Structure formats: structure tokens, C-alpha cells
There are 2 protein chains.
Amino acid sequence: MMMQKLRRSGAFIRFGCKSLITSRPDKNSVSRSVSGFVNHYKSKGKLFELSDGNYYNTELHHPCISRHLGMLLQQYKCFGSSAVSLIQRNPLFSSLDSKDVSYFKEILGEKNVIEDKERLETANTDWMHKYKGSSKLMLLPKNTQEVSQILQYCDSRRLAVVPQGGNTGLVGGSVPVFDEVIINVGLMNKVLAFDEVSGVLVCEAGCILENLATFLDTKGFIMPLDLGAKGSCHIGGNVSTNAGGLRLIRYGSLHGTVLGLEAVTANGNVLDMLGTLRKDNTGYDLKHLFIGSEGSLGIVTKVSILTQPKLSSVNLAFIACKDYLSCQKLLVEAKRNLGEILSAFEFLDNNSMDLVLNHLDGVRNPVSSSENFYILIETTGSDETNDREKLEAFLLKSLEKGLVSDGVIAQDINQASSFWRIREGITEALQRAGAVYKYDLSLPVEEIYNIVNDLRGRLGDLANVMGYGHLGDGNLHLNISATEYNDKLLGLIEPYVYEWTSKHRGSISAEHGLGVMKANEIFYSKSPETVALMASIKKLLDPKGILNPYKVLPHSLFSY
Amino acid sequence: MMMQKLRRSGAFIRFGCKSLITSRPDKNSVSRSVSGFVNHYKSKGKLFELSDGNYYNTELHHPCISRHLGMLLQQYKCFGSSAVSLIQRNPLFSSLDSKDVSYFKEILGEKNVIEDKERLETANTDWMHKYKGSSKLMLLPKNTQEVSQILQYCDSRRLAVVPQGGNTGLVGGSVPVFDEVIINVGLMNKVLAFDEVSGVLVCEAGCILENLATFLDTKGFIMPLDLGAKGSCHIGGNVSTNAGGLRLIRYGSLHGTVLGLEAVTANGNVLDMLGTLRKDNTGYDLKHLFIGSEGSLGIVTKVSILTQPKLSSVNLAFIACKDYLSCQKLLVEAKRNLGEILSAFEFLDNNSMDLVLNHLDGVRNPVSSSENFYILIETTGSDETNDREKLEAFLLKSLEKGLVSDGVIAQDINQASSFWRIREGITEALQRAGAVYKYDLSLPVEEIYNIVNDLRGRLGDLANVMGYGHLGDGNLHLNISATEYNDKLLGLIEPYVYEWTSKHRGSISAEHGLGVMKANEIFYSKSPETVALMASIKKLLDPKGILNPYKVLPHSLFSY
């Protein structure tokens, strides 16, 4: 076994995807025609009461969505039924007219009101080219006041809007479904304050995550989150989608690290919740409503976040394991023995490794022989010698116990980057391999690989099933790769995956959110009473439903 | 300088106050008569719109509360004005009658419907004997279903209720103001599940924090929070008040560590949000509404919380510093150099130390000479030798830099406990010293001691001003000790302290909550728009206002 040592004291920066825009696949290969034909989803079921006194249908738990790349026309099926339904444009929404455009030009200036077809084409399409809207207008506000003016106007006109950050989402949450006005906060990209004593950063929502990381690096701090899309994604989008990523195991979720935010609600009301304190128990902590609600309750305009001191010693090991049980045991041991220095525990299976080796250039398996599972363990600490010795001792002990069959510790930044390239390159490799059905599940750790095996048995030769993800957080990225999209395959996958997850008290969306893709599947993970309360809160904050419509909550709750 | 080493590998348990009930001060020394006389608070000011379309008064920002121990009659003053007003019992609430009691006996059984005067006396009074209600009934539900039945009934009858856990709060949040029915969840005290792989604990709300810690200790885990009241406080109360405590610097707030909860809303609706997953982005994360809302939106009945592996090495240093600037610099250095093993950074000033030495038996100053400030630094890690060496090296370096004037590392558990006894004994010493005005503030770290000095200058010989608290979290416990309560002194303290805090963008309640004590002061820390939204959410979830009335939100928002 190769067990080499990493000797460094300086910066350790993982290669990020500089811009997802530039790495988008060829549009022609995946884009499809758009149809305006729609049919409202209808279902018969029990009624339950919302807090507003109205009654809504509950037995909408299990519609499954038949998705075709680039199709606005989205076909719905109820499992066990041949009923078919489609998303309908809310006829209560106004359509944009020239007066609207003139008004926006007046408040934002000509150049920040985008009608250019090519720019709109990009803004209407998600980066995977799976979801495509037909918005005729993108607005680029420069500050909170402008966001407020835009929303106040749109609310009065009942013009639907979609808030957009870096547009790096995976569930169609950041692009229009129909003709919603796009509000992109990319121009709001200033760092407003940084306190070197507390480590609290205050910035505008449009700051790109990687730019914030670069800024903090000069101050000796790091962001509490890191993810593959860091080169494009905005902090406002991260907060609005409660992004998880690679550092969650160490620094926790954004519900813990975001100390404050400013948000503009549908009617243009500016909510100043931009506290910078670690502790503030004065009333309801309403910022949490805006963390993870995918822009459907308000547009996040500023963020205050607790950053962490950049520690001098980062080590990365790439490990091979024979079976999943060993991976699971290794996690328990790592939490206990590496304890305070553990900063990432990622896994991928052999199918994922093969895919990366086959589709990405210049990638090689760091361990000498092929194995069933691979684990990346990252440690971050303040004592280089001790941390390295601790990681080495841990790996040797795990080898002796038979939990690990091979492993290597990165010798330098380049080698560490090449290890991360394997894990972070899976998404890109999947894109190149053909059609891909993506699921982002939270499950009890001991169940995580059972669903991969079960699905493999179920699909046989029809597709290649891969499992990878943030094992330390119980987060599986389940991906099914096939030569092309087809209904038979989809019928075998859904609702099976959702039912399996629900049965094991998992979440059908660990970190990607629901967007338009899974809005109707929410009942697999949330009780009807809880969803009813969500709908009541949506109605309270956005009575006309203009903010990011058709997303997050089941369409049936907003019948029109 | 004495720099002794702690050599241990086993358990390290801080002495907790076993039961706050047993250590309550003599009632006669602080209890006062109760008056039923009330007078509605009125104020003239600007109007702002709530989401329900109604208009409410905003210029209620700065009433100050003149509090007397044990007085139900609470006297309000507007600063700069002699207007006086009092809390009025909401006349829309029903009064308890014999039919109500019969109904409760029917569903709960005779023995869990408490009418006994002595038990009610205890339940009506907070542990500091500052707040006293006049409830005629305490209910002890055994499960969620019973809580639901109670609330459904109370809502239909419009009987006000106060949820009660360990009754260890400091702002009068857990006792009735008038005749609210007390719902104490103490019988709901079962651990429901513990997953040794993920470290997720699921339990009922009435579990005492220390009992959970003891249970986890047998499994090799610790709770992510720890506080002085652990021997009495309930986890449900901790969650409802978003308790902070000693480990927040390491494991973050309950908004990050509570993974799920079950809550019953005012109408008896049971919200199952009892997820056990670290990541779950399916819809709005509504559990956060119940974390820190002090039982005013629902009663928390079950909690799922992420616990931490118990690490083998815990060290504690007691350090003396000459000035506050040194304390502040030491914190920055500790975050960077102790980094991943830092688990507590507490401070107290010399006045606090003197108070403890004067009023508690068997306590001595661990360092040889008196100094202006004292710091406790706790480290928790997985490597005993390395952690100890790291702490020693850090302290020696700090001594060389002149940040530290003296220090000692605990040699054993007894010595460590004696160090903690000083910090945790301040509250008890204050109680023994006479009258005490307590403030729990969050402030930027560099401002924390300025308010202590300013107030000392302002009060002169009238009182003894002490500052201590969780410096690592920017949380100051500002305490003013006097021989007796008097209006002149209070007039010098309030609203001065609140205004000072607000001016420096601090929080007037870091971790204690608002309760009845500071409900009207919320505007010092939150914007009118945010408070208006809080009120709308309160109205949505509890339209009849029966849950913990007169607390958290300004009384003016609920005019009757």
C-alpha cells in the first residue's frame, strides 16, 4: 500500500469549476422543442384544512413527473393510474406589456433591462438544459431598493417573477416555467463588511461563492460551505436553496452559519434581519423562512454569515473499501478518531469511478487496483505534524482492521486536486455519458447503498446505476445513466425511488431542493399538516403567488 | 506561574446544579404580594400594516418595564414620559370552570390534573421568584395525543395556556402572567431512539437535559448544548427558547443541531417534523419557527437532535488578564491556534470573582493574585498528549506576548469542577448578594466591556456592575447588584442599557429570550417590519392568542 505524506503549510485550494456556463454541454444534443399545450393536474382525494380556512386536496402524494429535456410541456402521471396532467400557466398572472418594460427601464436604466434574445435564451435555460422557460424579460437590479421597486410593481400588476442567482440549480428552480420575469441579482455583488475578530462576513446576495472564498483567503478565513458550482453560484442562491456541499459535516448547515439576511417580500417590503450576532433570541427567527424556500417567499438581497479561521493543515486521503459495510464502519471510526479535524467524508462506488475514468481526460485511479468503493477523507486542523500523524495512524489502524483495502494520502496540492477531480467530476462525466436521471436523497447511513443495489436489480441492463455523495451527512447522489431518456425506464425508477426513500424516513431532496422537478413529490418527505402550513405561510407572504410560481409546493394547493 | 497538567483519559463531567428547585432561595426573602389591578398600556405613534391588512402602532419601541420581585402588577414607563401602564388580562379569554376541570380529568386521569395549592404555588412562580402567576390548574399530559386534546379543548373554549418545562427561564416566559392553564410536559420524558452511527437522538420534550447527557455518556456521545440549569431544564424548553450555553462556540446553535421536532399548535394540530436527517431540503423548514418562539406558536412535544461523539481529551485552563483588550486578543488567537479543539471561551471580571469569593463557600481564586479579568478556556479533542501540549504552548505564547498575566491548567476533574464552579456560581452568588438586575446581551466582541464601564460610571456607588459570559459567542451577562430594588436605580439602567445595545447593533436578549420581561422591548433589536411579520405568523398559527400570551411580542400588537 502506498501511504505517502502530504507536507505543506500554505494554502490548499481545491480546483473549482470556474464557470458552469462555459462547461455547459452542446445545446443541440439535449434541447428539445417546447409545446404550449397544458392540462391541469386533477386528483380526487381527502380534503384538509389550511390555516386560511380553505380546504385542499391531500391525496396528491404520489404523482410522478415524466420529464424530457428542454420540455416546457411537463407530463404528469399518477402511479397505478393512467391519469395524465400537466402544469398550467396561472391564468391570473398578467402578461408583460410595453408599459411594464418602460417602467422597468425608468427605474433600472436601459442597460439593466434585458430583452436581447441570446441573453434571455441563456437565462431561460438551466445549466443542465433540462428546464426551459420563455421569459421575455430579465431585470438586473443594482441594490435592494431596486429589487423592492420591481417587486412592488410586479405585485400590483400580478406579474410573476423568478429570482435568479448563478442559475446552477438541478431542479429547475432558478429558471422560468412560463413567461415569468427574471430578476437576476448578479450586479449586487459587493462585500459590505468583514469583522476579523468574529469572522462575520456581510455581503450582497449576488456575490459569487468562489469570489467570497478568495476574498476571505486574504484575511485568513474560509467560507463555511463549499460546492462544485462555486465558480458560478451566488451566496444569495446558496442561502435561498440552503446549499449543503462538502463542508457541512464540519461546519453544519446554513441554518446554523447564516447569522442574518435581508429579504424583499412579494409586495416590495424590505425585511432587515441582517444581524451579525451569534446569539439573538429576540422574537421569532424569521430568517430561517428564507433559507431553503427557493425564492418563493422573498428575494434574499444581503447575507451575514459566520466564516471560519483558515487552519494551516489540510490533508486528503483517497481510500478503497471492499464493501459498503466497511465504508459505514470507517465513517463511525473517523468521526470518533479524527473527531475535531474531520472536514469531509465523501464516497463513490466503482460504477462512478469507471464513468469518470472513461469520460474525463487525464484522470486516473489513485489506488493501485480497482475496488467496489472509494472514500475521500479530508482533515483540517491547526497542527500539521500532528494532524498528518493522526490521519496516518487512523488509516493504518483501519487497514489492520480490514476496513480499508488500499489508500493514499495526497503529497501536494496537485495530487489533492486530482483526488477531488474524481469526486467532483462525476456530474460532468454523467453529462457526457448520455441521459441521466438524478436523485439527491438523504437516508439513514446504513440504508444508503441498499437503494442503489435494489435499483440495480430492478433496472437490470436498462441503465447504469451509480451511487456517490456526502456519506458523512447521510446524503446519497443516486444517478441512473442511460443512452437516452425513455418512459419505460422512468416508470421503473419513479415513484419507486421516492417510495423507497419515504419508507425509510429519508428525504427525496437532501440538498438540491424541490424546484419544479419535485414540487409535487413533497408529501414523500413531509406530512400533509406541515405542507398545509407551508402553503398558509406562502399565502401570507405572497398572497398573489407571484414569487417563483409552480415550484416548491404542490401545484394542487394553488388551484386556479 | 503555575502551569500544571491535566492527565486523564476518562470521563470529564462538569458539576451541574442538580436541581434548581432545591437551590431556590428562601421564598420569603424575595416573594411579594400579588395585585390584580391592571391598566391597559396605551401609546400614540405611527401605524404600520400587518400582513393581515390591519394597522398597528409602531411607536412602542421604548417602553421600559419597572419590575418588582413577585409582582404580577407590572408597571410600564415610556422613557422621556411619565405615562404609566400595566399589562391587562385579555378579557376575551375564558375563565376556568368546573366543567373544564372535569373534562381534563376525563382525558388525563385525576392524578395528572393538579389543583393542589402548594404544587400550583411552585408552578406559578419562576425559579428566581421574580414572576408569579395565579393559575388554578396545572395539567400533566403523558403523550402528544393528550397535549393535542388539551389544546383543542382550550382553543375551542379560548382558555389561555402556558407551556412549562423545567421552569428555569430568566424572563418570566414559563410561568403564567394571570390565570393561564399550565401545561407541564415533565411526564413526557422518554428517550425514543438513538442511532450510534449518525449520533441522532430522538426523545420526548420533557427529558431533563442532564438525564440525556447521562444516557449519551453510556453510548460515548455528548449533547451539543450544556448549561447551568441542566439538572432541571427540559430539552423541549431548551428548544422552545433556543438555549445557548457553554458549547455553542463549538457545536453551534440549536437551529443547526436540532434536526427535527414535533409540535402541537394552538388548535391541537400535531405537526410531525421529526426528521432525523442532517440534510432535508423539501419545502420550508418550519421547525425553526418553533425553535426560540418560547411556546407562543406551539408546544414542542418531541425533539430529534444531532449529538457529538464524546472525545477522550478535555482540558481546562483558568487564566488572568490585565485588561479587556487582552481578553479580546486572546480570543482571536485561541480561535486560530486552538482552532478545532476549542470548546469554551468564557470570561468574568474581577467584580464577578469577588462576588463569588464573598458569597459561595469553598471557592478560591485559582490564580495567585487578583487581576481585572479571568478567562476559562476549555479544549475538547481526540488526542490527549497533543491537545495538552497545544494548550500549554498556546498559553506560554500568550504569556510571552503579554496577553496573559497568570494561568493554571486543571490537574484533575475536581480541579476542573472547581474552576467551573466559579463561572457557573455567579448566578447563585448574585442571588445571595441582594437585588439583581439581569441583562443578557449580544454585542460585537470589541464593544462588550464598554457597556460595563459606561454603566459603572453612570451608576457610581448606587450598585455593583458585573460583566461575565460567553465571550467566544459575543454574549455578555450584564448584572447590576444592589442592596434592594428601587425605581431610581432602574430609571438609570433602563432604557439606557437597551438603547446602548441597540445603538451598537446588539441584541437585548442573546439567549434568555424575551418572555414577559422584554416583550415590549423587541424593537430595540428587530425592525418594525420584521416584528409585524412575527405578529402575522402568530395570528396565523394561534388566531385566538391562547398560547403563552403577553410574552415575546409587544402587547400593543394584540390590542383588545
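What to know about the overall build of chain A
Within chain A, the regular secondary structure consists of 18 helices and 23 strands. Across the 560 residues of chain A, 64% fall into the buried class. Considering only contacts within chain A whose residues lie at least 6 apart along the sequence, 74% involve residues at least 24 apart.

Quick word on the packing of aromatic side chains
Applying the stated criterion across every chain yields a total of 33 aromatic pairs over all chains. Ring plane angle 90° and centroid distance 6.1 Å describe the contact between Phe194 of chain B and Phe215 of chain B, whose orientation is recorded as edge-to-face. Of the two residues, Phe194 of chain B is situated in strand S10 (residues 191–195) and Phe215 of chain B in helix H5 (residues 209–219); the sequence distance between them amounts to 21 residues. Seen from the ring of Phe221 of chain B, Arg336 of chain A lies directly overhead, with NZ or CZ sitting 4.9 Å from the centre.

Re the pattern of salt bridges
Pairing between side chains of opposite charge can happen when the charged atoms of each approach one another. Across all of its chains, the model carries 53 salt bridges over all chains by this definition. Lys142 of chain A is the salt-bridge partner of Glu146 of chain A, the closest N and O atoms lying 2.9 Å from each other. The exposure class of Glu146 of chain A is buried, given its relative accessible area of 8%. Ionic pairing is found between Lys401 of chain B and Glu333 of chain B, a salt bridge with its closest N-O pair at 3.1 Å. One end of the pair, Lys401 of chain B, is in the loop between helix H12 (384–400) and strand S20 (406–409); the other, Glu333 of chain B, is in helix H10 (residues 324–337), and 68 residues separate them in sequence. By relative accessible area, which is 24% here, Glu333 of chain B ends up partly exposed.

What to know about the pairing of strand S18 (residues 342–349) of chain A
Along any regular strand, the residues point their side chains to alternate faces of the sheet. All names here are of chain A. Most of S18 is tucked away: eight of the eight residues are buried. Judged from the seven bridges that link them, S18 and strand S19 (residues 373–381) form a sheet pairing that is antiparallel. What sits directly across from Asp349, in S19, is Phe373. The pairing of S18 with strand S22 (residues 464–470) spans two bridges and is antiparallel. Within S22, the position partnered with Leu348 by the bridge is Tyr468.

A closer look at the packing of helix H15 (residues 448–459) of chain B against helix H17 (residues 496–503) of chain B
All names here are of chain B. Direction vectors running N to C along H15 and H17 enclose 150°, while the axes themselves pass 11 Å from each other. Classified by the angle their axes make, H15 and H17 are roughly antiparallel. Two packed elements cross with a definite hand, and for H15 against H17 that hand is right-handed. Between H15 and H17, the contacting residues are Asn450, Ile451, Asp454, Leu455 and Arg458 on the first element and Tyr496, Val497, Trp500 and Thr501 on the second. Each residue belonging to the contact of H15 with H17 can be placed in one class, and the counts come to five nonpolar, two polar and two charged.

Focus on unusual backbone geometry
Most of the time, phi is negative for any residue but glycine, and the peptide bond is trans. Residue and element names in this part refer to chain A. The step from Glu494 to Pro495 runs through a cis peptide bond, and the omega angle for that step is 5°. Positive phi outside glycine occurs at Arg505, with the angle close to 50°. In this model, Tyr550 sits at a positive phi of 70°, which is unusual for a non-glycine residue. Its place among the elements puts Tyr550 in the segment after helix H18 (528–541).

Structural notes on helix H17 (residues 496–503) of chain A
All names here are of chain A. Buried within H17 we find Val497, Tyr498, Trp500 and Thr501. Taken around the axis of H17, the buried residues stretch over an arc of 165°, which confines them to a single face. The elements touched by buried residues of H17 are strand S21 (435–442), helix H15 (448–459), strand S23 (475–482) and helix H16 (487–493). Arg505 sits one or two positions beyond H17 and adopts a positive phi of about 50°.

Overview of the side chain of Lys390 of chain A
If you trace the backbone, Lys390 of chain A turns up in helix H12 (residues 384–400). At 3.0 Å, the side chain of Lys390 of chain A and the side chain of Ser382 of chain B are in polar contact. Once residues within four sequence positions are removed from consideration, Lys390 of chain A is found in contact with Asn337, Leu338, Glu340 and Ile341 of chain A together with Ser382 and Asp383 of chain B.

A word on the interface of chain B and chain A
Tallying the contact residues gives 90 residues for chain B and 92 residues for chain A. Carbon and sulfur atoms make up 56% of the surface buried where chain B meets chain A, a total of about 7,000 Å² over both sides. The largest share of the area that chain B buries against chain A comes from Lys279, Asn281 and Tyr284 of chain B, three residues that together contribute 15% of it. The interface formed by chain B and chain A contains eight salt bridges. Between Asp272 of chain A and Arg505 of chain B there is a salt bridge, with the nearest N and O atoms lying 3.8 Å from each other.

Notes on the relation of the copies chain B and chain A
Taken as rigid bodies, chain B and chain A are interconverted by a rotation of 180° and an axial shift of 0.0 Å, the fit giving an RMSD of 0.0 Å. Given the turn and translation reported, the copies of this chain are related as if by a two-fold rotation axis. Residue Gly256 of chain B of chain B places its C-alpha closer to the rotation axis than any other residue of that unit, at 2.1 Å.

Things to note about the environment of Gln145 of chain A
Within the fold, Gln145 of chain A resides in helix H4 (residues 144–157). In this structure the C-alpha to C-alpha distance between Gln145 of chain A and Trp500 of chain A, which are 355 residues apart in sequence, comes to 46 Å.

Points about the nonpolar core
As a rule of thumb, nonpolar side chains are buried together in soluble globular proteins. Within the largest apolar cluster, 315 residues are counted, with the highest numbers of intra-cluster contacts made by Tyr439 and Leu478 of chain A together with Tyr439 and Leu478 of chain B. Excluding residues within four positions of it along the chain, Leu478 of chain A makes contact with Tyr437, Lys438, Tyr439, Leu441, Ile451, Val452, Leu455, Val465, Met466 and Val497 of chain A.

Some words on the packing of helix H13 (residues 413–424) of chain B against helix H14 (residues 426–433) of chain B
All names here are of chain B. Axis separation between H13 and H14 bottoms out at 5 Å; the angle between their running directions is 45°. Classified by the angle between their axes, H13 and H14 sit oblique to one another. Taking contact as the criterion, the partners of Arg421, Ile422, Arg423 and Glu424 in H13 are, on H14, Ile426, Thr427 and Glu428. Considering only residue class, the contact of H13 with H14 consists of two nonpolar, one polar and four charged.

Digging into the sheet that holds strand S18 (residues 342–349) of chain B
Residue and element names in this part refer to chain B. In spatial order, the strands read S20-S17-S19-S18-S22-S23-S21; together these seven strands make up an open sheet with antiparallel pairing. Each of the sheet's edge strands pairs with one partner strand only, and the pair in question is S20 and strand S21 (435–442). Pairwise comparison of adjacent strand axes, ignoring direction, gives a mean angle of 15° for this sheet. Of the strands in this sheet, strand S17 (313–321), S18 and strand S19 (373–381) are in contact with H10, which crosses S18 at around 180°. Against the sheet, helix H11 (residues 350–359) touches S17, S18, S19 and strand S22 (464–470), its axis set at about 100° to S22.

Quick notes on the pairing of strand S11 (residues 200–204) of chain A
Residues and elements named next belong to chain A. Along S11, five of the five residues are buried, which leaves the element largely enclosed by surrounding structure. Residue alternation in S11 divides its side chains into two sets, Val200, Val202 and Glu204 and Leu201 and Cys203, and both sets are buried. Sheet topology note: the strand S10 (residues 191–195)/S11 ladder contains four bridges and is antiparallel. Paired with Asp195 across the two strands is Val200, which belongs to S11. Counting the residues that bridge the hairpin from S10 to S11 gives four residues, and of these Gly199 lies at a positive phi of roughly 75°.

Focus: the sheet that holds S19 of chain A
Residues and elements named next belong to chain A. The strand order S20-S17-S19-S18-S22-S23-S21 describes an open sheet built from seven strands, whose pairing is antiparallel. In the strand order of this sheet, the two ends are held by strand S20 (406–409) and S21, each with one partner. This sheet shows a mean twist of 15° between the axes of neighbouring strands, independent of strand direction. Each of strand S17 (313–321), S18, S19 and S22 is contacted by helix H11 (residues 350–359), which is oriented at about 100° to S22, the strand it contacts most. Across the sheet, H17 touches S21 and S23, and the angle it forms with S21 is around 10°.

What to know about the side chain of Ser442 of chain A
Mapped onto the secondary structure, Ser442 of chain A falls in strand S21. A polar side-chain atom of Ser442 of chain A sits 2.5 Å from the main-chain carbonyl oxygen of Lys279 of chain B. When near neighbours in sequence (up to four residues on either side) are disregarded, Ser442 of chain A contacts Gly474, Thr501, Gly506, Ser507 and Ala510 of chain A together with Leu277 and Lys279 of chain B.

Examining the environment of Phe194 of chain B
Exposure remark for Phe194 of chain B: the relative accessible area of 18% places this residue in the buried category. Ignoring any residue separated from it by four or fewer positions in sequence, one finds Phe194 of chain B in contact with Gly199, Val200, Leu201, Phe215, Leu216, Lys219, Phe221 and Thr307 of chain B.

Describing the environment of Asn143 of chain B
Residues and elements named next belong to chain B. Its place among the elements puts Asn143 in the loop between strand S7 (138–139) and helix H4 (144–157). For Asn143 and His555, which are 412 residues apart along the polypeptide, the C-alpha to C-alpha distance reads 32 Å. One polar contact links the side chain of Asn143 to the main-chain amide nitrogen of Gln145, over a distance of 3.2 Å.

So, how was this worked out
Residues numbered from 1 in each chain as written. Chains lettered and ligands numbered in written order. Predicted model: local features only at pLDDT ≥ 70, side-chain atom pairs only at ≥ 80, totals over all residues. Heavy atoms only, no water. Helix = DSSP H or I, 4+ residues; strand = E, 2+ residues; numbered from the N terminus. Buried < 20%, exposed > 50% of the residue type's maximum accessible area, 1.4 Å probe, protein only. Contact = heavy atoms within 4.5 Å. Phe/Tyr/Trp six-rings, centres within 6.5 Å; stacked < 30°, edge-to-face > 60°. Lys NZ or Arg CZ within 6 Å of the ring centre and 35° of its normal. Salt bridge = Lys/Arg side-chain N within 4 Å of Asp/Glu carboxyl O. Pairing = 2+ DSSP bridges. Axes fitted to C-alpha atoms, helices over the stretch in contact; angles between N-to-C directions. Parallel < 35°, antiparallel > 145°, perpendicular 65-115°, else oblique. Left-handed = near helix turned anticlockwise from the far one by under 90°. Nonpolar A, V, L, I, M, F, W, Y, C, P; charged D, E, K, R; others polar. Arc of directions from axis to C-beta. Polar contact = N/O pair within 3.5 Å; in protein donor to acceptor, adjacent residues only side chain to side chain. Buried area = accessible area lost by both parts, 1.4 Å probe. Least-squares fit on C-alpha atoms with pLDDT ≥ 70 in both. Core = buried A, V, L, I, M, F, W, Y, C linked by side-chain atoms within 4.5 Å.

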